[in-house]
Amino acid sequence: MRWREFQALQKVTEVGDRFVSYVDQGFGEPLILLHGIPTWGYLWHSVLPALARTHRVLVPDLLGFGYSDKGDRFDRSIATQAEMLDGWMQGLGVERADVVAHDIGGGVALRLATLFPQRVRRLGLMHAVCYDSWPIEMMLQFGHPGVHRKVSASTAIAGLKLALKQGFASSPADELLDGILAPYATEVGKLSLVRNAAALNTNLTTEITSLLPRVDAPTLVLWGEEDKFQPVRFGERLAWDIPDAKLVRIPEARHFVMFDQPDAVERHVANFLDQT
Amino acid sequence: MFGSGKPRPVDEHEARGETERVYHEIRQTLRVTGINLNFRVWASFEHFFPAMWDAVQPNAQTRAFEDAADRIRAEAARSADALGRVHAVASALVGESPAYQVRAALDLYHYVNPKLLLLTSGVRLALEGERVGGSASGPAERIVRGAPPRMYPMEMVSEEPDDERTREIFADIQESLGISRVNSDYRTLALWPAYLEVAWRGLKPIATSDPHRSAAEALRQLARTEARAFPYPLTLTSAQVEALGEDASAVLKTTAQFEDLLPGLILNVALLALEERDAGALARSPFPAATAGGAR
């Protein structure tokens, strides 16, 4: 699916003064898929059709990401994102959902599972930021306010494209990378991504570490073994700290495990959602 | 227009020093999320630009200025309603979120363009030696600063987009309207290329018609009348511009070109917005301004 086709699927709703774009496909128990940085809901386009056969799949763009609000006047931290999701779910009439999340979306999901536990039925974590696993150096640098002035959108996109490739064990097609970065190719998009990067804050996962043993949602921790951005040792810790968690290590996969090993990811997620 | 080699607009992320300060002041004072082409081109006259802003800012922050822009917007809505209809959104936009965002983008420009016209008319009249403003006998009421929380960011594609079809549309817009740079409005709508294509196809015959030209001229005259009634004097002469080391005739030429261009642009945005709401609703400001606490 090309990114424009995915964009055309997006609905929109307002949460407070912000608007949130999201895909809503399929029927059944609600399943929310959360993306990380620097991606957007399009991250999930390849697994969406299969999951939508058995679930109502909801794929929001987090605030400041993708085609949700990118105004330069609100907080984009994972704390705010979790609060937004709580309001967004309420607005959609979704009381509880399975949540599968990647990268900083995983941090958002962890906050949702610990601070809004009534919202999370089952939890899937892929390469989730947690403890002090983040921010990675590249994103720390990208979040400096000076980047907006020093680097044009086209230069930023070229750099991010190169950096993203390090997250793949396979060779991603240009079309895929262009699709992932499409919302950030304008100056406003670039600035929004800079602000998103500036909002990455270790404290927002370390402060919930003590709450992890209280997570009662069955949890799948799924990790590409070769991830250099969020190493698998952090997945191991999560699997120890969350009581009903199971770690699945995926060989020959890096950060973007859903593209490196799409069949394995689809199988493990589907089994997890079917069996628990 | 804005002929080759001169002047080169200063994009927001490129702004430094005084230009960066003025850009911030523009966003706060005009209550807008971005800097329109008008200002980006004026900013290429680096000494003129801050002097121009310092001259217009006392008026631009007033309730009288906001109300005058509201009257221009309302007149544009009525005029556009009489010009015909452009059918774009329903046939071109696939998806609820893109349609929502197009509406939000049109609201942004429907709000800010009348303010730009008013301000530009005032500057042109002053540069041509006419006395502008000074109707207030005391401090004028001010409006709150800062862009409204729900205003769409002024996002736009590159002036030279990668997409060939969009480049062709931009070229057609430039040729049809006699402009050498594509306005922010069209560059924003190009975020949804399928929409821009259908919108421009519908707009073009109306935007190049005699009734459109007449309506645009009426708007321009209304803006001039409103500018002459600014509460504070707008003191900005060509002699001052020359004293700043700028080419006053080039500044005036650029200013005049924008004053000529903006009324048509205001009508075109209104024509597109009319697809989603009636002229009565469109005549009201999408972002009414609250009054600030006391006059400065």
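Residues numbered from 1 in each chain as written. Chains lettered and ligands numbered in written order. Predicted model: local features only at pLDDT ≥ 70, side-chain atom pairs only at ≥ 80, totals over all residues. Heavy atoms only, no water.

S.K.: Would you mind showing me how to read the sheet that holds strand 6 (residues 120-126) of chain A here?
M.R.: The strands that make up a sheet are held in pairs by hydrogen bonds between backbone atoms, and each pair lies either parallel or antiparallel. The strand order across the open sheet built from 8 strands is 1-2-4-3-5-6-7-8 (chain A), with neighbouring strands paired in mixed fashion. The open sheet has two free edges, formed respectively by strand 1 (11-15) and strand 8 (245-250) of chain A, since each of these has just one partner strand. On average, each strand axis in the sheet is tilted by 25 degrees relative to the strand beside it, whichever way the strands run. Taken together, the 6 bridges between strand 7 (residues 219-224) of chain A and strand 8 of chain A define a ladder with parallel strand orientation. Counted as the bridge partner of Thr-219 of chain A is Ala-245 of chain A from strand 8 of chain A. This element, helix 11 (residues 232-241) of chain A, spans strand 6, strand 7 and strand 8 of chain A of the sheet and lies at about 165 degrees to strand 7 of chain A. Against the sheet, helix 6 (residues 96-127) of chain B touches strand 1 and strand 2 (18-25) of chain A, its axis set at about 55 degrees to strand 1 of chain A. (Pairing = 2+ DSSP bridges. Helix = DSSP H or I, 4+ residues; strand = E, 2+ residues; numbered from the N terminus. Axes fitted to C-alpha atoms, helices over the stretch in contact; angles between N-to-C directions. Contact = heavy atoms within 4.5 Å.)

S.K.: How should I be thinking about the packing of aromatic side chains in this particular structure?
M.R.: How two aromatic rings sit relative to each other is given by the distance of their centres and the angle of their planes. All names here are of chain A. Under the definition given, this model contains 20 aromatic pairs over all chains. Between the aromatic rings of Trp-3 and Tyr-67, the centroid separation amounts to 6.1 Å while the plane-to-plane angle is 5 degrees, which identifies the pairing as stacked. Remark: Tyr-67 occurs in the loop between strand 4 (55-60) and helix 3 (78-92) and Trp-3 occurs in helix 1 (residues 3-8); sequence separation between them is 64 residues. Here the aromatic rings of Trp-40 and Tyr-42 are separated by 5.5 Å at their centres, their planes lie at 25 degrees, and the arrangement is stacked. Like Tyr-42, Trp-40 is buried. The structure contains a cluster of three or more aromatic residues connected by ring pairs, namely Trp-3, Phe-6, Trp-40, Tyr-42 and Tyr-67. The side chain of Arg-76 reaches across the aromatic face of Phe-74, ending 4.4 Å from its centre. When the ring centre of Tyr-131 is taken as origin, the NZ or CZ atom of Arg-237, which lies over that ring, is 5.7 Å away. (Phe/Tyr/Trp six-rings, centres within 6.5 Å; stacked < 30°, edge-to-face > 60°. Buried < 20%, exposed > 50% of the residue type's maximum accessible area, 1.4 Å probe, protein only. Lys NZ or Arg CZ within 6 Å of the ring centre and 35° of its normal.)

S.K.: How do you make sense of the packing of helix 4 (residues 63-83) of chain B against helix 12 (residues 248-273) of chain B when you look at a structure like this?
M.R.: How two helices pack is summed up by the angle between their axes together with the distance between the axes. All names here are of chain B. Remark: helix 4 packs on helix 12, axes separated minimally by 9 Å, with the N-to-C direction vectors making an angle of 65 degrees. When the axis of helix 4 is compared with that of helix 12, the two are roughly perpendicular. In the crossing of helix 4 with helix 12, the sense of the turn from one axis to the other is right-handed. For the pair formed by helix 4 and helix 12, the contact residues are Ala-76, Ser-79, Ala-80 and Leu-83 on the first element and Ile-266, Leu-267, Ala-270 and Leu-271 on the second. A breakdown of the residues in the contact of helix 4 with helix 12 according to their chemical character gives 7 nonpolar, 1 polar and no charged. (Parallel < 35°, antiparallel > 145°, perpendicular 65-115°, else oblique. Left-handed = near helix turned anticlockwise from the far one by under 90°. Nonpolar A, V, L, I, M, F, W, Y, C, P; charged D, E, K, R; others polar.)

S.K.: Which parts of the structure should I look at to understand the nonpolar core?
M.R.: Taken as a class, soluble globular proteins show a tendency for nonpolar side chains to be buried jointly. Of all hydrophobic cores here, the largest spans 100 residues; its most connected members are Trp-88 and Leu-238 of chain A. The biggest single contributor to this core is helix 3 of chain A, with 7 residues. If near-sequence neighbours (up to four positions away) are discounted, Trp-88 of chain A is found in contact with Thr-13, Val-15, Val-20, Tyr-22, Ile-32, Leu-58 and Pro-60 of chain A. Core analysis: the second largest hydrophobic core is formed by 98 residues, Trp-42, Phe-65, Tyr-100 and Ala-216 of chain B among them. (Core = buried A, V, L, I, M, F, W, Y, C linked by side-chain atoms within 4.5 Å.)

S.K.: Honestly, helix 7 (residues 153-165) of chain A in this entry has me stumped. Any pointers?
M.R.: An α-helical segment advances 3.6 residues per turn. Residues three or four places apart therefore align on the same side. Residue and element names in this part refer to chain A. Across its 13 residues, helix 7 extends 18 Å between first and last C-alpha, which sits within 8% of the 18 Å expected from 1.5 Å per residue. Of all the positions in helix 7, only Ala-153, Ala-156, Ile-157, Leu-160, Lys-161, Ala-163 and Leu-164 are classed as buried. Viewed along the axis of helix 7, the buried residues span an arc of 165 degrees, placing them on a single side of the element. Summarising the geometry of helix 7, the exposed residues directed more than 90 degrees from the buried face are Ser-154 and Leu-162. The inward-facing, buried residues of helix 7 contact helix 5 (137-142), helix 8 (174-181) and helix 9 (187-198). (Expected span 1.5 Å × (residues − 1). Arc of directions from axis to C-beta.)

S.K.: I would appreciate a short explanation of unusual backbone geometry in the present structure.
M.R.: A negative phi holds for most residues other than glycine; trans holds for most peptide bonds. Residue and element names in this part refer to chain A. Looking along the chain, the bond that leaves Ile-37 and enters Pro-38 is cis, with omega of 10 degrees. A cis amide bond links Trp-134 to the next residue, Pro-135, at an omega of -5 degrees. Within the secondary structure, Pro-135 sits in the loop between strand 6 and helix 5. If you check the backbone angles, Tyr-131 has positive phi at about 45 degrees while not being a glycine. Within the fold, Tyr-131 resides in the loop between strand 6 and helix 5. Residue classification places Tyr-131 among the buried positions, given a relative accessible area of 7%. For Glu-252, which is not glycine, the phi torsion reads 55 degrees and is therefore positive. Following the sequence through the fold, Glu-252 ends up in the loop between strand 8 and helix 12 (257-260).

S.K.: Honestly, the layout of surface pockets in this entry has me stumped. Any pointers?
M.R.: To locate leftover empty space, one rolls a probe as large as a water molecule over the atoms. Residue and element names in this part refer to chain B. By volume, the second largest pocket is sized at about 310 Å³. Contributing to the lining of the second largest pocket are 20 residues, with His-212, Ala-216, Asp-260, Leu-261 and Gly-264 lying nearest its centre. Put simply, the parts of the chain that give the lining of the second largest pocket at least two residues each are helix 7 (164-177), helix 10 (210-228) and helix 12. A per-element tally of the lining of the second largest pocket places helix 12 first, with 7 residues. Taken together, the residues of the lining of the second largest pocket break down into 9 nonpolar, 6 polar and 5 charged. (1 Å grid on protein atoms, 1.4 Å probe; cavity = no way out; pocket = protein on both sides within 12 Å on 5 of 7 lines; lining within 4 Å. Points joined across faces, edges and corners; volume = space filled by probe spheres on them.)

S.K.: Explain the pairing of strand 7 of chain A here, please?
M.R.: Along any regular strand, the residues point their side chains to alternate faces of the sheet. All names here are of chain A. Of all 6 residues that make up strand 7, 6 are buried, and the element is covered over most of its length. Burial along strand 7 is two-sided: Thr-219, Val-221 and Trp-223 and Leu-220, Leu-222 and Gly-224, pointing in opposite directions, are all buried. By the bridge criterion, 4 bridges tie strand 6 to strand 7 in an arrangement that is parallel. Counterpart to Gly-124 in the pairing with strand 7 is Leu-220. On the question of chirality, the crossover connecting strand 7 to the parallel strand 8 by way of helix 11 is right-handed. (Right-handed = clockwise from strand over helix to strand, strands pointing away.)

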